[in-house]
Amino acid sequence: ITKELLSIKAQILGETPLSKTPIPKKISKTLREYQREGVHWLDRLRRMHLNGILADDMGLGKTLQAITAITQYKKAFPDSTSLVVCPTSLLYNWKAEFSKFNSEITILIVDGTPTQRKKLLNSLTSYDIIITSYTLLQKDIETYQEIPFGYAILDEAQHIKNRGTRNAKSVKMINAMHRLILTGTP
C-alpha cells in the first residue's frame, strides 16, 4: 500500500490529521488520561504520514500505547502485518503484553537457530505482529526488507543510537509505512 492510497482511504473514511480515532473499547479501560493523549498523538502522526519517538520514564506505558496504536491501525488495515524489534530479553514480554491487552492479534516471535528462524520467516505475513530482536533482525534482514510492514516499532531505541552500527543499518532497511521508536533512556 502506498502513502497515496492511504490518503485516499483516509479521505473516504472522513479522517483528518486532527480527528481522533476512537480507542478500542477492549483497551480503553486500562489507559490513563496521559496515555490516551499519547495514543491520539501517535494516531495523528500516522494519519499525517509521519514517524515518531515516544520517550518517557520507564513504567509509564509506552508499550501499552504502542499496542493501542497498532490495534487502531489493524482495525483500519486488517490485512497488515507489523513488526516489533526489541532486545532479546523483551521478546516474550511483548508477547505477554499483547496477550494481556489485545488477545485477538496473532503474534509470531522469530527466535531460535537459523533453521528454526528460516521456517518461521516463511510465514511472516500470516501473522498480525512479528516480534524479533535487534541481533536476529541483522541476521535475517534480507527477508524482512522484502515485506511491507504497517508499523515498525523499535523498543529500547538506545540500541540504534550509533548510526554506524549493524543494528542501526538493519532497521533502516525495514520497509514500513509507519515507524515508531520507544525509549525510556535519555
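Provided above is the structure to which this section pertains.
Structural notes, computed from the coordinates. (Residues numbered from 1 in each chain as written. Predicted model: local features only at pLDDT ≥ 70, side-chain atom pairs only at ≥ 80, totals over all residues. Heavy atoms only, no water.)

**Concerning the nonpolar core**
In this structure, Trp94, Phe98, Ile129, Ile131, Ile153 and Leu180 are the most contacted members of the largest nonpolar core, which totals 30 residues. Ranked by residue count, the leading element in this core is helix H4 (residues 62-76), at seven residues. Ranked by size, the runner-up nonpolar core spans 18 residues in total, among them Val110, Tyr134, Ile141 and Val171. (Core = buried A, V, L, I, M, F, W, Y, C linked by side-chain atoms within 4.5 Å. Buried < 20%, exposed > 50% of the residue type's maximum accessible area, 1.4 Å probe, protein only. Helix = DSSP H or I, 4+ residues; strand = E, 2+ residues; numbered from the N terminus.)

**Some details on the packing of aromatic side chains**
Ring pairs (aromatic) are described by centroid distance and by the angle formed between their planes. Throughout the structure, instances matching the rule amount to four aromatic pairs. Taking 4.8 Å as the distance between ring centres and 35 degrees as the angle between the ring planes, the aromatic pair formed by Tyr73 and Phe77 counts as tilted. Here the two residues Tyr73 and Phe77 agree in accessibility, since each one is buried. With centroids separated by 5.9 Å and ring planes inclined at 40 degrees, the aromatic side chains of Trp94 and Phe98 adopt a geometry described as tilted. Note that Trp94 and Phe98 are positioned in helix H5 (residues 91-101) at a spacing of four residues, about one turn of the helix. Owing to a relative accessible area of 0%, Trp94 belongs among the buried residues under this scheme. By way of ring pairs, the aromatic residues Tyr73, Phe77 and Tyr151 are connected into one cluster. (Phe/Tyr/Trp six-rings, centres within 6.5 Å; stacked < 30°, edge-to-face > 60°.)

**Considerations on the side chain of Thr68**
Relative to the helices and strands, Thr68 is located in helix H4. Polar side-chain contacts of Thr68 include one of 2.9 Å to the backbone oxygen of Leu64. Apart from residues lying up to four places away in sequence, Thr68 is in contact with Ile23, Pro24, Ile27, Leu31 and Val39. (Polar contact = N/O pair within 3.5 Å; in protein donor to acceptor, adjacent residues only side chain to side chain. Contact = heavy atoms within 4.5 Å.)

**Regarding the pattern of salt bridges**
Tallied over the entire structure, the rule returns four salt bridges. As a salt-bridge pair, Asp43 and Arg47 come within 2.6 Å of each other at their nearest N and O atoms. On the criterion of helical spacing, the pair formed by Asp43 and Arg47 is a turn pair, its members being four residues apart in helix H3 (residues 33-47). Residue classification places Asp43 among the buried residues on the basis of a relative accessible area of 2%. Of the charged contacts, one joins Lys74 and Asp128 as a salt bridge, the two residues approaching to 2.8 Å between their closest N and O atoms. (Salt bridge = Lys/Arg side-chain N within 4 Å of Asp/Glu carboxyl O.)

**A word on the pairing of strand S4 (residues 129-133)**
Taken across its five residues, S4 has five buried, putting it largely inside the fold. In the sheet, strand S2 (residues 82-86) pairs with S4 via five bridges, with the strands oriented parallel. Bridging across to S4, Cys86 finds its partner in Ser133. Tracing the backbone out of strand S3 (residues 107-109), into helix H6 (residues 114-121) and back to the parallel element S4 gives a crossover that is right-handed. (Pairing = 2+ DSSP bridges. Right-handed = clockwise from strand over helix to strand, strands pointing away.)

**Notes on the environment of Arg36**
Inspection of the secondary structure assignment puts Arg36 in helix H3. Owing to a relative accessible area of 25%, Arg36 belongs among the partly exposed residues under this scheme. Between the C-alpha atoms of Arg36 and Thr68, which are 32 residues apart in sequence, the distance is 9.3 Å.

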